[in-house]
Every structure is written in C-alpha cells, then in structure tokens.
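So the chains spell out like this:
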Amino acid sequence: MEEPAGGGAEPWAEGLRNSNNNASPGGWPAARGGHPLAPFGSPGTEPSYLGRVVLEIVESERTYARDLRSIVEGYLGKIIDAEEPVLRPEQVSALFGNIEDIYELSSTLLQNLESCASDPVAVAVCFVTRSQEFAIYTQYCNNYPSSVAALAECMRSKAQARFLRECQERLRHALPLGAYLLKPVQRILKYHLLLQEIAKHFEHKSGEDYEVVLEAIDTMTCVAWYINDMKRKHEHAIRQQEIQSLLLGWKGPDLTSYGELVLEGTFRVQRVRHERAVFLFDKTLLITKRRGDH
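The shown structure was predicted, so the numbers you read here are calculated from the model rather than taken from an experiment.

**Student:** Sorry if this is basic, but what is going on with the overall build of the protein here?
**Tutor:** Each helix and strand in the protein was counted, giving ten helices and three strands. Reading the protein from its N end, one meets helices and strands in the order α-α-α-α-α-α-α-α-α-α-β-β-β. Each of the 294 residues in the protein was classed as buried or not, and the buried ones make up 43%. Of the accessible surface of the protein, which amounts to about 16300 Å², a share of 52% is contributed by carbon and sulfur atoms.

Structure below.
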C-alpha cells in the first residue's frame, strides 16, 4: 500500500531559521540576522551528502511525474480518443483508478520542490503543508488489486493486448503498463524514507528547522501507515465476503457485523477425519468444516 505540492507556507513556518545555511525559496524568510542563505555548494564544488539527498527527492519526483504523464496521456488518453471503443468503461475505471488525480498532485508537488532551491527545510515544509492531499493515494492503493485483475483480463483479449503493446511502443517504454501502474503504490511508501535521510544527515539535531523535518517524517510515515492499514482492511473485507459466500446453512448475521477478520487457519481435531477451518473475527470465533467446495 507517490505526492503533493505546496502553495504558501503555513503561518507556523514564518521566520523559520535554516540552520544548514541553504537557500530559501521565494516567500521564505532569510536567515535571522538579515544574511541571505547560501545554496548547496558553489560552482565547481561537490554538493554535500544532504544536498545530494535533496537533489534525489527532486529528481526522483521529476521522473515519477513524467511516468505518470505517460500513463495519463500515452495510455488513458489514447483509449479515450480512440474512434472505436478499445476497452469497456468499467475496465478503464478499474485499470487506471484515480491516476489523473495522482498525476495532478505529483505535478504540483514537483513545482514546489523545484522552488525550494535545495533547502531541506523548505522541502520538508512541502510535505507538511500538503499532508491531507495524500489521502487520494488510499483510493488508488485500494483499487490496485482491481487494476491488476483488469489488466490481466485485457491481456487475454488479442485486440486489447495489441492496443496496449502499441501504446508501449509509441512511448518507447522498456516495461509494460503493469510496471507503471505500480509506481504510485511504491512512491507513496517511499517519501518518509527519503525524508529520514534528510534528518539523518541534518547538521544540527535541534532547533525549529530540525523539528520541521521531523514533522515531515511523522506526516509521511502516518500516511504510509494509514494507506497500508486501509489496504489491509480492504483486503480483509473482500475476504469476509468470500467466506460468507462459502458458508452453507449459515443462519447468523452478516459476517461484517463481527468486526474485522483477525486471522484464519486450519487445525486437526482428535479422532476426526477432516481438518477444521477457523476464522477469528474481532467479536467471534467461527469454526467450520469443509463440505465439497464449501
């Protein structure tokens, strides 16, 4: 279970002091004392490790936004513009989910990151101020299993598979569509790791600037945790429906009334020929035995 961007800084960001002596983006205050902040490195000098970390965040976001654009324009756009319908509407919806929203968010985030002038604190603020916008990744990640299933269905159709391969060739992609549809899932779970690298190599492990970096890490860690948790709950809900459909002679309420599925497994009872299947929910323990395919 990959990106926001930033408008103006939050009120609490006013007056932040850059203890790493890096350049501030437009609208950011200069260092206290009235001296402008110097960017990472000067011409002819190697950037510090922290500078390279910030550069990696910006460059990887640029690559990611470009990949998202290729999906939106090179695949989805071609499907929509085709004279004859290539995929059914429900296939398109399942295959791409809210990829257009993800692309818009990443594009905006990239613009904000590019305006940070290699300032790690400004980069951190980009994530803190846009924290709520990352919620759109939950929808994408929850839909991802349906996307995989829809793509597998498309590849079983000669016409649809040929169309997708033609799109890939036009884009000169070495990897097929499936690899690109996975990128948002991978990206959203990587942001907090990149920000941790900033904190790890931050010069002064105290002060307001460092606190902002830590807040960005907490923000994106919570986003990753929440998405993973929602993905898990979504998968468990689907599994509950599957279990419900397999029960014979069940006279109890819908299984969802017993809360989340915590675990499932099998065990053997003494002097009983067949194993029993056990399903532990928040509020009940369900023990079943197999009857045919049920």
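**Student:** Explain the pairing of strand β2 (residues 276-281) here, please?
**Tutor:** Each regular strand shows side chains that alternate between the opposite faces of the sheet. Inspection of the sheet shows strand β1 (residues 261-267) paired to β2 by six bridges, in the antiparallel sense. Looking across to β2, one finds that L261 is bridged to F281. Where β2 meets strand β3 (residues 285-289), five bridges bridge the pair, whose relative direction is antiparallel. Across the sheet, the residue bridging to A277 is T288, located in β3. The turn joining β2 and β3, which pair antiparallel and follow one another in sequence, is formed by three residues.

**Student:** Just checking my understanding: could you explain the packing of aromatic side chains for this structure?
**Tutor:** For any pair of aromatic rings, the description consists of the separation of the ring centres together with the inter-plane angle of the planes. With the rule as written, the count across this model stands at five aromatic pairs. Arranged with centres 6.3 Å apart and planes meeting at 10°, the rings of F127 and F134 form a pair that is stacked. With relative accessibility at 1%, the residue F127 sits in the buried group. Through a chain of ring-to-ring contacts, the aromatic side chains of F127, F134, Y137 and Y191 assemble into a single cluster. Stacked on the ring of Y180, the Lys or Arg K183 has its end atom at 5.2 Å from the ring centre.

**Student:** Could you clarify how one ought to interpret the sheet that holds β2 in this entry?
**Tutor:** What links the strands of a sheet is backbone hydrogen bonding, and the strands pair in either a parallel or an antiparallel sense. The three strands are arranged β1-β2-β3 in an open sheet whose pairing can be described as antiparallel. What marks the edges here is a single partner per strand, and that holds for β1 and β3. Across the sheet, the mean angle separating the axes of adjacent strands is 15° when strand polarity is ignored. Seen against the sheet, helix α10 (residues 208-246) touches β1 and β2 and runs at an angle of roughly 45° to β1.

**Student:** Would you take a moment to explain the packing of helix α3 (residues 99-114) against helix α5 (residues 136-155) for this structure?
**Tutor:** Remark: α3 packs on α5, axes separated minimally by 10 Å, with the N-to-C direction vectors making an angle of 140°. Judged by the inter-axis angle, α3 sits oblique to α5. Crossing handedness for the pair α3 and α5: left-handed. On the side of α3, the interface is formed by I99, D101, I102 and L105, while α5 contributes I136, Y137 and Y140. Of the residues contributing to the contact of α3 with α5, the split by class is six nonpolar, no polar and one charged.

**Student:** Can you walk me through the confidence of the model for the protein in this structure?
**Tutor:** One rule of thumb: low pLDDT means the predicted coordinates there are not for detailed reading. Confidence in the prediction for the protein averages 83 pLDDT; 84% of positions are at 70 or higher. Segment residues 1-42: pLDDT under 50, and 113 contacts once partners within four positions in sequence are set aside and those in other chains are kept.

**Student:** Help me understand helix α2 (residues 89-96), please; the structure alone is not making it clear to me.
**Tutor:** Along an α-helix, a turn takes 3.6 residues, which lines up residues three or four apart on a common side. Inspection of α2 places Q91, V92, A94, L95 and F96 among the buried residues, and these make up the whole buried set. Against the buried residues of α2 lie α1 (49-81), α3, α5, α6 (158-171) and α7 (177-181). G97 lies just past α2 and shows a positive phi near 55°.

**Student:** How do you make sense of the nonpolar core when you look at a structure like this?
**Tutor:** The tendency in soluble globular proteins is for nonpolar side chains to be buried as a group. Core analysis: the largest hydrophobic core is formed by 61 residues, its most contacted members being F96, F127, F134, L177, I188 and I198. No other element matches the twelve residues that α1 contributes to this core. L247, L255, Y258 and F279 belong to the second largest nonpolar core, which has eight residues in total.

**Student:** Where do I start with the environment of P145 in this structure?
**Tutor:** Mapped onto the elements, P145 comes out in helix α5. Take P145: its relative accessible area is 38%, and that puts it in the partly exposed class. Sequence spacing of P145 and E235 is 90 residues, and the spatial spacing of their C-alpha atoms is 9.1 Å.

**Student:** Any chance you could explain a nonpolar patch on the surface here in plain terms?
**Tutor:** On the surface, F267, L285 and I287 cluster together into a nonpolar patch covering about 270 Å² of accessible area. With respect to the secondary-structure elements, F267 resides in strand β1.

**Student:** Looking at this structure, I do not really get the pattern of salt bridges. What am I missing?
**Tutor:** Pairing between side chains of opposite charge can happen when the charged atoms of each approach one another. Across all of its chains, the model carries 14 salt bridges by this definition. Of the charged contacts in the structure, one is a salt bridge between E114 and R62, with a shortest N-O distance of 2.8 Å. Pair noted here: E114 is in helix α3 and R62 is in helix α1, with a separation of 52 residues, a long-range link. By relative accessible area, which is 28% here, R62 ends up partly exposed. Residues R232 and D229 are paired through a salt bridge, measuring 2.5 Å at the closest nitrogen-oxygen approach. Taken as a pair, R232 and D229 lie in helix α10 at a separation of three residues, close to a single helical turn. Given the relative accessible area of 32%, R232 is considered partly exposed.

Scoring rules and cut-offs
Residues numbered from 1 in each chain as written. Predicted model: local features only at pLDDT ≥ 70, side-chain atom pairs only at ≥ 80, totals over all residues. Heavy atoms only, no water. Helix = DSSP H or I, 4+ residues; strand = E, 2+ residues; numbered from the N terminus. Buried < 20%, exposed > 50% of the residue type's maximum accessible area, 1.4 Å probe, protein only. Areas by Shrake-Rupley, 256 points an atom, 1.4 Å probe, with all protein chains shown as cover. Pairing = 2+ DSSP bridges. Phe/Tyr/Trp six-rings, centres within 6.5 Å; stacked < 30°, edge-to-face > 60°. Lys NZ or Arg CZ within 6 Å of the ring centre and 35° of its normal. Axes fitted to C-alpha atoms, helices over the stretch in contact; angles between N-to-C directions. Contact = heavy atoms within 4.5 Å. Parallel < 35°, antiparallel > 145°, perpendicular 65-115°, else oblique. Left-handed = near helix turned anticlockwise from the far one by under 90°. Nonpolar A, V, L, I, M, F, W, Y, C, P; charged D, E, K, R; others polar. pLDDT = per-residue confidence, 0-100. Core = buried A, V, L, I, M, F, W, Y, C linked by side-chain atoms within 4.5 Å. Patch = residues over 30% accessible without salt bridge, like charges linked within 9 Å, V, L, I, M, F, W, Y side chains within 5 Å. Salt bridge = Lys/Arg side-chain N within 4 Å of Asp/Glu carboxyl O.

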